[in-house]
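Fold and geometry: a report
In case you want the letters, here they are:
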Amino acid sequence: MDGNQHATDPNRFTTLHEAAEILLDELAERYQVERRETKEPIGPDEAFVRTVRLIPHDPVAAPMAIQFTQSGLHLRFGRWWLETLPSCACDHCDPDPEQLSDRLRRHAFALVEGGLWERVRRGLSGSWYQARLIGTEVKADREGPLAAAGAREARRDGFAAPMRWGPWQVTPEDRPAEVH
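Basis of the calculations
Residues numbered from 1 in each chain as written. Predicted model: local features only at pLDDT ≥ 70, side-chain atom pairs only at ≥ 80, totals over all residues. Heavy atoms only, no water. Phe/Tyr/Trp six-rings, centres within 6.5 Å; stacked < 30°, edge-to-face > 60°. Helix = DSSP H or I, 4+ residues; strand = E, 2+ residues; numbered from the N terminus. Buried < 20%, exposed > 50% of the residue type's maximum accessible area, 1.4 Å probe, protein only. Lys NZ or Arg CZ within 6 Å of the ring centre and 35° of its normal. pLDDT = per-residue confidence, 0-100. Contact = heavy atoms within 4.5 Å. Pairing = 2+ DSSP bridges. Axes fitted to C-alpha atoms, helices over the stretch in contact; angles between N-to-C directions.

One pass over the full model with this rule turns up four aromatic pairs. An angle of 80° between the planes, with centres 5.8 Å apart, marks the rings of Tyr31 and Trp168 as edge-to-face. Here Trp168 lies in the segment after β9 (163-164) and Tyr31 lies in the loop between α1 (14-30) and β1 (33-41), a separation of 137 residues in the sequence. Taking relative accessible area as the criterion, Tyr31 reaches 6% and is therefore assigned buried. With 5.6 Å between their ring centres and 15° between their planes, Trp80 and Tyr129 make a pair best called stacked. A residue pair is termed long-range when its members are at least 10 positions apart, and Trp80 in the loop between β4 (72-77) and β5 (81-85) and Tyr129 in strand β7 (residues 126-135) qualify at 49 residues. What makes Tyr129 buried here is its relative accessible area of 16%. Across from the ring centre of Phe68, 4.6 Å away, lies the NZ or CZ of Arg50, which sits over that ring.

Structure, rendered in structure tokens:
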């Protein structure tokens, strides 16, 4: 099971789960997305956890998945962006659930506004992905190695050059009224 042997009260992140539920409901109502709920493993040989995906109707907008674990959340944006909230749930690090909820919202809205860039880089020792998330009070980078087959597939899908995912489309009833 997903858990942390150094956390005495893993339930302290229920407020983070509640914030994620509210965010998912808000995004699904406001934007043109399909909502899918499943049980999926976090990684190979890992426990299955509840996963909620928001898939924009516009194919140039990045999808979002939130996985609910005992010790927090895993955020998956676009093709490669992965973020764990909190990054460490131990008592010594003692992350503040309110600050994590705020970070969740900032990062989600950076994605929704089209602030995710991704690409594949090729080097002498192999290929790796690069991802950058930019938004209001957000500027974060991720990178990691890619297997040869995954790198080829990503290049075929257009990720050889930096690709910026588009913004999510607002549902017609949520569009701001035009000023005349």
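For the protein, per-residue confidence averages 87 on the pLDDT scale, and 84% of positions sit at 70 or higher. This model gives residues 1-6 a pLDDT under 50, and the stretch forms twelve contacts once residues within four places in sequence are excluded.

As a further point, take the sheet that holds strand β6 (residues 116-123). The four strands are arranged β8-β7-β6-β9 in an open sheet whose pairing can be described as antiparallel. Edge strands, defined here as strands with exactly one partner in the open sheet, are β8 (138-146) and β9. Relative to β8, β7 runs antiparallel, the two sharing nine bridges. Following the sheet pairing, Gln130 is matched in β8 by Glu143. The strands touched by helix α2 (residues 97-112) within the sheet are β6, β7 and β8, with β7 carrying the most contacts at an inclination of about 105°. Of the strands in this sheet, β6, β7 and β8 touch helix α3 (residues 148-156), which is tilted by about 125° from β6.

For the bond running from Leu85 to Pro86, omega is -5°, close enough to zero to count as cis. Locating Pro86 in the fold gives a position in the loop between β5 and α2. Positive phi, normally seen in glycine, also occurs at Glu137, with a value near 60°. With respect to the helices and strands, Glu137 occurs in the loop between β7 and β8.

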